[in-house]
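Read off the chains here:
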Amino acid sequence: MTTIPLDSLNAGEQGHITGLAGAPDVRRRLMEMGLTPGTLLRVVRFAPLGDPIDIEVRGYHLSLRKHDARQIMLLRQ
Amino acid sequence: MSICAADPSVSGGQRIFTIAVMGNPNCGKTTLFNALTGLRHKVGNYPGVTVEKREGAVSGEPSLRLLDLPGTYSLSARSPDEQIARDVLLGCLEDTPRPDGVLIVIDATNLERNLYLASQVLELGLPAVIACNMMDLLREAGHELDIRELSQRLQAPVIPTIGHRGVGIDKLKAALRDLCTAQRSVNRPRQWSLHEELEKEVRHVAAAMTASGFASPEGANGAALLFLSERELPANDHLPSLVSHSLSEAQERLRVHPELDVSLEVTAGRYAWLGELVDACLKRSERNLHGATDKLDRIFTHKVWGLVCFAAMMGLLFYSIFVLARPLMGLIETGVEGLQQFTARHLAAGPLRDLLTDGVIAGVGNVIVFFPQICILFLFIALLEDTGYMARAAFLMERIMSRVGLPGKSFIPLLSSHACAIPGIMATRVIENPKDRLATILVAPLMSCSARLPVYTVLIAACLPGNPWTKATVLLSMYGLGLITALTMATVFKKTILRGPTPAFIMELPPYRVPRLSAVLFVMWDRSKVFLTRAGTIILAITILLWAATHYPQNAQRAAHYEAQREAVLASGAADAESRLEAIAREEAADQLQHSYAGRLGRLIEPVIRPLGYDWRIGIGLVASFAAREAFVSTMGVVYGVGEADEATPSLHKRLREAQWPDGRPLFTPLVAVGLMVFYVLACQCVSTIAVVRRETNSWRWPAFQLAYMTGLAYMGALLVYQVGSALGIGS
Ligand SMILES: Nc1nc2c(ncn2[C@@H]2O[C@H](COP(=O)(O)OP(=O)(O)OP(=O)(O)O)[C@@H](O)[C@H]2O)c(=O)[nH]1
Ligand SMILES: [Mg+2]
């Protein structure tokens, strides 16, 4: 099984977070918002112009730019 | 009512307890705050930033004061709002003493993330009460929450509430009352553990914090963990040197453990513990908590319908501002005129009457005529915020706005600025990144606001040839010019003076909620009021100043000259005496203006504006417009002696067309008119805007810069139009 970055998931697909990279404070904030390794995450939709992404995590919706989503690695489910 | 031990914050023999209200954004803090205080509170600002500070006494409990803090997801701050919340809690903020207790509000429908912050706060050892809000939504979905279990595990009282219906408020009050009889700090040991090395350093720093009195023995461990895992600390001069020493030593020692990922340790560790805790307290049903939101989002963020709905909503906003507000604005205009006539009739002629009617009433009237538009705009914004649509608007616009380096949240403030830059600038408070916010503030006044409309209309009607379609095209081009310049300047600023890393875009899409009219109207009034008071006072001062500049110095000889003319007319008893008297009055006003300080200033700047094709009389109009743009129309009326002028006065149009240079060339050629409009598009001619920018940026630097760059742009733009046009022989 290989991990893939969040932005390469399609709308409706989900996966478990395996790790986060990127700028320390962004990474920190993402984890504080509940995106910690092991958490299940679902891509709900992409904005009409393709960016940002609407994801569902721990029962709420969060939107992220693809650029930042690329730093989140997942194991597709 | 509880009277506790003597303390510095004693008023009238009674100890005042300050309780901070903390919680995630949108969890219902303000709703609970309002329910507890009965809406009696005062709103202010924290020093140095424009985060609203809301304070109020609990109704029936005058010794309990609540302090509503901005919503935050964590105690490690990212935006100015969050920083305020954290610094207040830690007692690191000047003018705001450390609270005696906390009311932590959590959203029952989103326990894990809400408890993340709650547990961070609880570990600081302050006496605390937890309000578990939105219980109605939880029950509707058939979920069951074991409040007693939750309370036990969190080691703090938990009160279930339904904020907007006032359910649980009495119990909450009782719990808050108990807070101030309890001890100063509460020992709630952290129930999850960290990596051994980190745990050791936390103990070191905690010891230093206790020894120096920075934290209570009960809260030191929590505070130490917070500071150790924090990259941006609160202003360091608030930390005792013992603490800052031990902190930097500990961080130094942690650096030799590269395998130790502190951020991961503190977040994942806490969430793992919370995951278990929530599983133990919450019995979930099959039903989705946010079913309605998911359905609505399928439309509002749909690839096609989402954009259609957005465009329709913005269209409605524009329509309400420009069409629905009209009758109200007309009403205010009539009222102002009536008041003017009243004072004119009932006061003896003289400087006082002139000052009141032409200065104070006219000047303030000029401003409050925009009040209906401001109210409608704030009503709309409050509705968008309260329903949860605002976040979707930012979601939809993010991509487009990022092309010019601005966040999606800039869209609504910029759009609002088409009505008036003041509410637009105030609406930028939702933008977290200070540089993004500043860039938005700096370009917002470039949008053609409704005060420019009279200027455009008068110039187009009076000076431009052609059919209505050409005229409409010119008008639209002015709006386009403002928009394009604003976006260009935003790009320029974001690439130069406001350069910085693009902040990550991490925005919650909150569930949709049915807006509550009372709350929305309250917010609308709260914000609109600021426009009336703040901008009103400054506008008042400036209009009086401007009035004086156009009416002084007075000259006894000149007055006598016109008085003699008037007497001659009256003595002659001619049939057309009235119209001749009016003509004399107009001539006198124009003569007075020419010799006034403003007139002198107009002549003084004539060499500067000559290359734009303007004479000193237009110069007076420009000078007067720096108070408020609409002043151009009334000033032109005075300069060209048409008496009372508004944009529909045919005689003003005629006078403008007939105006000449001393050598007989026409003054208001189509080219000059277009150049003048370009000047008005680009110039920052509005004292209220300057006052608001000064307030929102908390410095004179930015409004001064804004004034300078916009005036520069305006001058260059008008110069370009006139010189290129003249060289090509267009429109002369
Ligand atoms: N269904 C339901 N809605 C609630 C409850 N309490 C508050 N609300 C609604 O939730 C929305 C947000 O409430 P606010 O009080 O503005 O939340 P806040 O925490 O002050 O938000 P920020 O200041 O943005 O951090 C409003 O529309 C309230 O009417 C509740 O118990 N149940
Ligand atoms: Mg609030």
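Rules used throughout
- Residues numbered from 1 in each chain as written.
- Chains lettered and ligands numbered in written order.
- Predicted model: local features only at pLDDT ≥ 70, side-chain atom pairs only at ≥ 80, totals over all residues.
- Heavy atoms only, no water.
- Helix = DSSP H or I, 4+ residues; strand = E, 2+ residues; numbered from the N terminus.
- Rg over C-alpha atoms; globule rule 2.2 N^0.38 Å.
- Buried < 20%, exposed > 50% of the residue type's maximum accessible area, 1.4 Å probe, protein only.
- Contact = heavy atoms within 4.5 Å.
- Areas by Shrake-Rupley, 256 points an atom, 1.4 Å probe, with all protein chains shown as cover.
- Lys, Arg positive; Asp, Glu negative; His and termini not counted.
- Charge placed at Lys NZ, Arg CZ, Asp CG, Glu CD.
- Near = heavy atom within 4 Å.
- Polar contact = N/O pair within 3.5 Å; in protein donor to acceptor, adjacent residues only side chain to side chain.
- Nonpolar A, V, L, I, M, F, W, Y, C, P; charged D, E, K, R; others polar.

Student: A description of the overall build of chain A should follow, citing residues and the corresponding values.
Tutor: When helices and strands are tallied, chain A shows two helices and six strands. Starting at the N terminus, the α and β elements of chain A follow one another as β-β-α-β-β-β-α-β. A compact globule built from 77 residues should have a C-alpha radius of gyration of about 11 Å, and chain A, at 11 Å, falls within 12% of that. In terms of principal-axis extent, the alpha carbons of chain A reach across some 30 × 30 × 20 Å. Here chain A holds 77 residues, and 56% of them are scored as buried. Looking at chain A alone, contacts between residues at least 24 apart form 58% of all its contacts between residues at least 6 apart. Roughly 2,900 Å² of accessible area belongs to chain A as shown, and the carbon and sulfur atoms make up 53% of that amount. Here chain A holds 10 positive side-chain charges and 8 negative ones, and the gap between their average locations is 2 Å.

Student: Break down the site of ligand 1 for me, with residues and values.
Tutor: Residue and element names in this part refer to chain B. As a matter of local geometry, ligand 1 sits amid 19 residues, with Lys-29, Thr-30, Thr-31, Asp-136 and Gly-163 nearest to it. One of the side-chain N or O atoms of Thr-31 is found 2.5 Å from an oxygen atom in ligand 1. Contact between ligand 1 and Asp-136: a nitrogen atom at 2.9 Å from a side-chain N or O atom of the residue. In the complex, the protein chains occlude 83% of the 660 Å² of accessible area that ligand 1 would expose alone. At the level of elements, α1 (29–37) and α4 (135–140) are the ones that each hand at least two residues to the shell around ligand 1. When residues of the shell around ligand 1 are assigned to their parent elements, the largest contribution, three residues, is made by α1. Of the residues belonging to the shell around ligand 1, the class tally is five nonpolar, nine polar and five charged.

Student: Go over the environment of B:Pro372 with me, naming the residues and quoting the values.
Tutor: Its location among the elements puts B:Pro372 in helix α14 (residues 371–387). Between the C-alpha atom of B:Pro372 and that of B:Met524, which follows or precedes it by 152 residues, the distance is 11 Å.

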